[in-house]
Amino acid sequence: MVQKIKKKVKKGPKAPHAVPLAIVMTALYGFQREGRDFRRSFDDTVKLRAALRLQLDQEVIPADRVLSFREYRDWGLRPSPGRLAEMFSRSGILPMGPAPEEEDPGALPRLGILPMVAVVKGQHLERFSEMINREWPEVVRVAFQNSVYPAFNLIAGYDLLLYTPPHHARDVNRAIAALNEMMEDAFHQAGRTYPGSFSPFPDDVLSRIPLQESFSG
């Protein structure tokens with residue numbers, strides 16, 4: 001009989017914890033502020049991880065592309081940050097596979113969600129909670145934009161990327177509300193008709209996400 005060996009999860013102040021985070025965003029193309037599908041794999045995930053570490057002061061494992069509302073809602077590993085950290089800490093990236101075809105490829109803005117997992121030792125969890133939702137310093141903002149603009153085919157000064165600071169995955173709806181305000185202001189400044197707000201996720205989708213999970217690092 002083959003006996004399955006279970007990994008022991010470390011405990012204590014130095015034990016690693018996986019904290020689920022997300023950045024919500026939308027890409028607006030041209031002075032007409034049109035929407036296009038921008039769910040392409042990032043060209044340089046090393047630059048992306050470096051920018052996120054600058055912002056959060058911890059190791060971060062981001063997805064290799066942005067997800068749509070539906071993809072994030074249906075993502076089976078969304079409430080399992082510890083398992084994600086165990087599987088992908090070594091590679092440093094969450095593989096999402098190719099983006100499925102859009103059902104309605106119109107010109108309206110798309111909501112994009114970049115899921116990620118921060119790896120934080122237990123003794124640093126309280127301090128880390130203060131880093132979440134922090135506004136982007138200019139140098140970090142530039143580093144983040146440089147890491148994602150090529151994948152989104154964005155032209156600086158012509159196209160526009162709107163995005164929030166990293167939020168805890170449970171607070172995605174609050175981030176969506178903030179993004180809606182940014183988008184409405186962007187359309188107003190461009191003299192374009194605001195196409196309407198992005199919808200929030202149902203509460204039961206987000207309530208199953210843990211604040212953090214310890215894992216075997």
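The coordinates are above.
Residues numbered from 1 in each chain as written. Predicted model: local features only at pLDDT ≥ 70, side-chain atom pairs only at ≥ 80, totals over all residues. Heavy atoms only, no water.

Student: Could you clarify how one ought to interpret the environment of Pro200 in this entry?
Tutor: For Pro200, the location among the structural elements is in the loop between helix H6 (172–189) and helix H7 (203–207). The sequence separation of Pro200 and Val172 amounts to 28 residues, and the corresponding C-alpha distance is 8.1 Å. Once residues lying within four places of it in the same chain are set aside, the contact partners of Pro200 are Phe69, Asn173 and Ile176. (Helix = DSSP H or I, 4+ residues; strand = E, 2+ residues; numbered from the N terminus. Contact = heavy atoms within 4.5 Å.)

Student: Just checking my understanding: could you explain the nonpolar core for this structure?
Tutor: One broad trend across soluble globular proteins is that nonpolar side chains are buried collectively. If you look at the biggest cluster of nonpolar residues, it comprises 65 residues, and the most contacted ones within it are Met25, Tyr72, Phe144 and Phe152. Looking at which element gives the most residues to this core, the answer is strand S1 (residues 16–29), with ten residues. Sequence-distant contacts of Phe152, defined by excluding residues within four places in its chain, comprise Met25, Tyr29, Phe38, Arg40, Phe42, Val66 and Leu161. (Core = buried A, V, L, I, M, F, W, Y, C linked by side-chain atoms within 4.5 Å. Buried < 20%, exposed > 50% of the residue type's maximum accessible area, 1.4 Å probe, protein only.)

Student: Please explain the side chain of Gln58 as it appears in this structure.
Tutor: With respect to the secondary-structure elements, Gln58 resides in the loop between helix H1 (45–56) and strand S3 (59–62). You can call Gln58 buried: its relative accessible area is 13%. Among residues more than four places away in sequence, those in contact with Gln58 are Arg53, Val119, Val120, His124 and Phe128.

Student: What am I meant to see in H1 here?
Tutor: One turn of the α-helix equals 3.6 residues, which is why residues spaced by three or four share an orientation. The end-to-end C-alpha distance of H1 is 16 Å, a good match for the 16 Å that twelve residues give at a rise of 1.5 Å each. Each element contacted by the buried residues of H1 is listed here: S1, S3, strand S4 (112–121), helix H4 (125–131) and helix H5 (138–152). At the N-terminal end of H1, a side-chain oxygen is found 3.1 Å from the backbone nitrogen of Val46, two or three residues along, and the residue is Asp44. (Expected span 1.5 Å × (residues − 1). Polar contact = N/O pair within 3.5 Å; in protein donor to acceptor, adjacent residues only side chain to side chain.)

Student: I tried to follow the packing of H1 against H5 on my own but got confused; where do I start?
Tutor: Relative to each other, H1 and H5 sit at 160 degrees, their axes nearing to 8 Å. With respect to each other, H1 and H5 are oriented roughly antiparallel. The hand of the H1/H5 crossing is left-handed. Here H1 contributes Lys47, Leu48, Ala51, Leu52, Leu54 and Gln55 to the contact with H5, which in turn contributes Val140, Ala143, Phe144, Ser147 and Val148. Looking at side-chain class alone, the contact of H1 with H5 contains eight nonpolar, two polar and one charged residues. (Axes fitted to C-alpha atoms, helices over the stretch in contact; angles between N-to-C directions. Parallel < 35°, antiparallel > 145°, perpendicular 65-115°, else oblique. Left-handed = near helix turned anticlockwise from the far one by under 90°. Nonpolar A, V, L, I, M, F, W, Y, C, P; charged D, E, K, R; others polar.)

Student: What is the right way to read the environment of Ser89 from this model?
Tutor: Within the element layout of this structure, Ser89 appears in the loop between helix H3 (81–88) and S4. Linking Ser89 and Val119, residues 30 residues apart in sequence, is a C-alpha distance of 8.4 Å. Engagement of the side chain of Ser89 in a polar contact is seen with the backbone oxygen of Ala85, the distance being 2.4 Å.

Student: Teacher, can you tell me more about the packing of aromatic side chains here?
Tutor: Between two aromatic rings, the relevant description is the distance of the centres plus the angle of the planes. Scanning all chains against the criterion turns up ten aromatic pairs. Ring geometry for Trp136 versus Tyr163: centroids 5.5 Å apart, planes at 80 degrees, classification edge-to-face. Taken together, the positions of Trp136 in the loop between H4 and H5 and Tyr163 in strand S5 (residues 160–163) put the pair 27 residues apart, joining distant regions of the chain. Overall, the relative accessible area of 7% leaves Trp136 in the buried class. Taking relative accessible area as the criterion, Tyr163 reaches 4% and is therefore assigned buried. An aromatic cluster is defined as three or more aromatic residues linked by ring pairs; in this entry it consists of Phe69, Tyr72, Trp75 and Phe201. (Phe/Tyr/Trp six-rings, centres within 6.5 Å; stacked < 30°, edge-to-face > 60°.)

That is the geometry; function is a separate question.
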